[in-house]
Every structure is written in C-alpha cells, then in structure tokens.
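Working through the structure, step by step
Here are the chains, one letter per residue:
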Amino acid sequence: MPEILPGIHWIKMPISLKDSTLSHVNIYLIAGDNGWLLVDTGWNTDRSFSTLHNYLVKIGAGFGDIKQIVVTHVHPDHYGMAGRIKGLSGATIAMHHIEKGFIGPRYIDMNELLMQTDRMLIDSGVPRDIADELRDASLDVERYIVPALPDITLRDGQEIETGRFTFQVIWTPGHSSGHICLYEKEQKLLLSGDHILPRITPNISLNPQSIENPLGRYIRSLEELRRLEVRLTLPGHDRPFTRLIPRIDELIAHHAFRNTEILEAISYRARTPYEIAQKVTWGDNSDWKDLPPFHQRMAVFETLAHLEMMAAESRVDKLPRNGISYYGQK
Ligand SMILES: [Zn+2]
Ligand SMILES: [Zn+2]
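Quick summary incoming for the structure in this document. (Residues numbered from 1 in each chain as written. Chains lettered and ligands numbered in written order. Predicted model: local features only at pLDDT ≥ 70, side-chain atom pairs only at ≥ 80, totals over all residues. Heavy atoms only, no water.)

Things to note about the overall build of the chain
- The secondary structure content of the chain amounts to 10 helices and 14 strands.
- When its C-alpha atoms are laid out on the principal axes, the chain stretches across 65 × 40 × 30 Å.
- Taken over 330 residues, the chain has a buried fraction of 54%.
- Total accessible area computed for the chain in this model is approximately 14,500 Å², and 48% of it derives from carbon and sulfur atoms.
- Taking the average place of the 36 positive charges on the side chains of the chain and the average place of its 42 negative ones, the gap between the two points comes to 2 Å. (Helix = DSSP H or I, 4+ residues; strand = E, 2+ residues; numbered from the N terminus. Buried < 20%, exposed > 50% of the residue type's maximum accessible area, 1.4 Å probe, protein only. Areas by Shrake-Rupley, 256 points an atom, 1.4 Å probe, with all protein chains shown as cover. Lys, Arg positive; Asp, Glu negative; His and termini not counted. Charge placed at Lys NZ, Arg CZ, Asp CG, Glu CD.)

Observations concerning the coordination of the zinc ion (ligand 2)
- The coordination sphere of the zinc ion (ligand 2) contains the protein donors D77 (OD), H78 (NE2), D194 (OD) and H237 (NE2), at a distance range of 2.1 to 2.2 Å.
- Considered as a linear motif, the donors of the zinc ion (ligand 2) on their single chain read D-H-x115-D-x42-H.
- Separating the zinc ion (ligand 2) from the zinc ion (ligand 1) is a gap of 3.5 Å, bridged by D194, which donates to each. With D77 in helix 2 (residues 76-79) and D194 in the loop between strand 11 (189-193) and helix 7 (214-225), the pair connects residues that are 117 residues apart, well separated along the chain. The residues D77 and D194 share a single accessibility class, namely buried. (Donors = N, O, S within 2.8 Å, 3.2 Å for Na, K, Ca; no water.)

Observations concerning the coordination of the zinc ion (ligand 1)
- Protein coordination at the zinc ion (ligand 1): the donors are H73 (NE2), H75 (ND1), H175 (NE2) and D194 (OD), at 2.1 to 2.3 Å from the metal.
- Taken together, the four donor atoms surrounding the zinc ion (ligand 1) define angles of 90 to 175 degrees at the centre, an arrangement classified as irregular.
- The sequence pattern formed by the donor residues of the zinc ion (ligand 1) is H-x1-H-x99-H-x18-D. (Tetrahedral: all angles 85-135°; square planar, octahedral: opposite > 155°, others 65-115°.)

So, the sheet that holds strand 6 (residues 92-96)
- Reading across the sheet, the seven strands line up as 1-2-3-4-5-6-7 and stay open at both edges, with mixed pairing between neighbours. What marks the edges here is a single partner per strand, and that holds for strand 1 (3-5) and strand 7 (152-154). Each adjacent strand pair in this sheet contributes to an overall mean axis angle of 25 degrees, direction not counted.
- By the bridge criterion, seven bridges tie strand 2 (residues 8-14) to strand 3 (residues 24-30) in an arrangement that is antiparallel. (Pairing = 2+ DSSP bridges. Axes fitted to C-alpha atoms, helices over the stretch in contact; angles between N-to-C directions.)

Quick look at empty space enclosed by the protein
- What the rule picks out here adds up to one cavity of 30 Å³ or more.
- Empty space within the largest cavity amounts to approximately 30 Å³.
- The wall of the largest cavity is formed by N26, Y28, V39, D40, T72, L191, S192, G193, L234, P235 and G236.
- Residue assignment for the lining of the largest cavity shows that the elements contributing at least two residues are strand 3, strand 11 and strand 12 (232-235). (1 Å grid on protein atoms, 1.4 Å probe; cavity = no way out; pocket = protein on both sides within 12 Å on 5 of 7 lines; lining within 4 Å. Points joined across faces, edges and corners; volume = space filled by probe spheres on them.)

Section: helix 3 (residues 82-89)
- Three or more residues of helix 3 are buried, namely A82, G83, I85 and S89. The buried residues of helix 3 all sit within an arc of 165 degrees when viewed along its axis, so they share a single face.
- Contacts made by the buried residues of helix 3 are with strand 4 (36-39), helix 1 (46-58), strand 5 (66-70), helix 2 and strand 6.
- Following helix 3 by one or two positions, G90 has its phi on the positive side, about 75 degrees. (Arc of directions from axis to C-beta. Contact = heavy atoms within 4.5 Å.)

What to know about the pairing of strand 5
- Sheet topology places strand 4 next to strand 5; four bridges connect them, and they run parallel. Paired with L37 across the bridge in strand 5 is Q68.
- Each parallel crossover has a hand, and the one from strand 4 via helix 1 to strand 5 is right-handed.
- As paired elements, strand 5 and strand 6 share three bridges and run parallel to each other. (Right-handed = clockwise from strand over helix to strand, strands pointing away.)

Describing the sheet that holds strand 10 (residues 180-184)
- The mixed open sheet is built from five strands, whose spatial order is 8-9-10-11-12. If you trace the sheet from one side to the other, it starts and ends with strand 8 (159-161) and strand 12, each paired once. Mean inter-strand twist for the sheet, computed between neighbouring axes without regard to direction, equals 25 degrees.
- As judged from the four bridges shared by strand 11 and strand 12, these two strands associate in the parallel manner. Residue pairing for strand 12: L189 is matched across the bridge by L232.

A word on helix 10 (residues 293-312)
- Its 20 residues place the ends of helix 10 29 Å apart at the C-alpha level, agreeing with the 28 Å of an ideal helix rising 1.5 Å per residue.
- Most of helix 10 sits out of view: 14 of its 20 residues are buried. (Expected span 1.5 Å × (residues − 1).)

Looking at the pattern of salt bridges
- Taken as a whole and assessed by the stated rule, the structure comprises 17 salt bridges.
- With a closest N to O distance of 3.7 Å, R269 and E275 form a salt bridge.
- Here R269 falls in the partly exposed class, since its relative accessible area comes to 42%.
- Here the salt bridges do not stand alone but share partners, grouping D118, R128, D132, R135 and D136 into one network. (Salt bridge = Lys/Arg side-chain N within 4 Å of Asp/Glu carboxyl O.)

What to know about the nonpolar core
- Counting 44 residues, the largest nonpolar core has I196, I276 and W288 as its most contacted members.
- Mapped by element, the contributors of at least two residues to this core are helix 5 (111-123), helix 6 (128-135), strand 10, helix 7, helix 8 (244-265), helix 9 (273-277) and helix 10.
- By residue number, the principal contributor to this core is helix 10, which donates eight residues.
- Aside from chain neighbours lying at most four places away, what touches I276 is I262, A265, I266, R271, T303, L307 and Y327. (Core = buried A, V, L, I, M, F, W, Y, C linked by side-chain atoms within 4.5 Å.)

Okay, structure coming up:
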C-alpha cells in the first residue's frame, strides 16, 4: 500500500461481507501541518481496524495523530469505523449536512426506514413474501457500524485545509443524496468516493432517502466534474485512475443503455418496476433468481431511479393501479 503522492496515502481496507461484489474499500490518509486528515474509514471490523492500525505504525503515526475525518457518504463501507476512530483519536468528523440526517434512520432507529422501504417495494409490484425478504436484506449490517454524528457539516464549495493541502467540497448527489467529492486544485486530484469508480457502475437508486430524481441529479453532477482539471482520481473502491473524462462518458452511456433496455421492456404493455427490473441486464448478466435479496432490492430501486428520470423527461408515464405503480411508454 503506497504513498501515491508525497503526503497522500492510499490504504486498501478489507470487505468481509459475503455477498459483496467489491473486493475492498479505499481510504486516504492525508498529511497536514498538525496531524492527519482521513478520508473515509472502512467497515468497523477487527480486520479493517488492524489494517489501519498497522499502516499507521508503519509510517510512525498513531490514532492520536488523526485530527480530521471526512466521510464522503454514510454507507457502512465508508463510514462504519468513523465513531471508533474518533473515540481513539478525538478527531473531528465532517460530512455533508444531508448525510448527517441519514445516520439516525439508518443506524439507530430503523423502524421508520424499514416501513418506507416496504411501502416502496409493494408500490413497485414486489409480491408480499418477497418484499419481506428484500426489505430485511441489509439488517445485519449495523453490526459493522459505530454511528457517530458529525462535528462539522459541510456544504458545496466549502474548503477543508490540512496546511499542506486544500480540498474543495463538491456536492455530488446521486449515489447518496449528500455524497461529496473532494478536489485539490494544486495537485489536480479528485477524491471521488463512490460517485465515480473506474470499473464498477455505482448504484443509483430511488429509495426512501433519495432526493428528487436521483439519477438525473447524478448525471448532472457527473457533467459538472468534467469542468475540473483532474490528473488523478482517487476512488472509494478499485484503483486510482487517470482518465476521468472517458470514465464519465462511459457512466453516462451505461445509464443511457439501461434506459433503452427499460423502454424496450415496456414497449408492448405497462409493467411494474419489479417486472421491468427482471428484464434488465445486471452486473455480469446474472439470472434474476441467482441475485441475492440485497442485490434484487438494489436492482428494483435502480430501475425506479431510471423510471423517475424518464418520467421527468416525459419519456414514460406512471400509471397507478390498485396501489401499485405501472410504467408505460409515452
Ligand atoms: Zn456507497
Ligand atoms: Zn462504497
């Protein structure tokens, strides 16, 4: 695990969940005049804790030297260990103000979120027994989180200083409503979290915690990043990469292709998002019945994000019928 630029360390943190398609989470330890800035934290597992601990020892530092933790978004792979590291170091935790609002419903009292998720699944045409399974698919995840509220809430355009580096906060809603990227202008570095990954397409869902038209917002925030001069992108998974603009183009093309698949699925008759999701290509072309429940839920909610975007663009019609939403071509 290298220091990829002087003062910028890339640490690959383990993922131990069995149904994950990701091999690791990237966190970045960044030098400052008075201690380190840590961007994202990894899951709260013993393996990831010792990975970070060993890395700190290797560079002659300890947890007490971490002064700031910035979280790109509160998904458990990026935020899980924030509370534990803060407990050991006294570091401040900073995140976008929208993400702060998700901590309670996601990790402290989940009943309301489970009910909202259930309603969305039923409204999407998921049969009752399957909806139970999909709704509860991520319940065991809370074991891997130490929830902690931020000391600092961030807004678009704000700056984060380490003394050696200055990062500009860029609000990039879509994957999560308060997702942020960090841009270092001097170094032409972009820390992209899960907004842009080099090979995997980030999940963009319509779910109870989404802002309006999340896929439309995601694509707009991709377009905005095009204007930056970026030499190296440091993503939340996979490997750092250099060709940002071609990757942005690929992601936009991917979503356009999925729109085409969805329009094709409803070309003869209106269907529910659940029916449509089963006709779309997911990941490595897996059969729908082979997808684990958590992935099936993501697929239904991703389909919904596409449908909402196309409804906003007047390309599809939403047709409620007996408490279930059907979508048909215009
Ligand atoms: Zn994420
Ligand atoms: Zn992630």
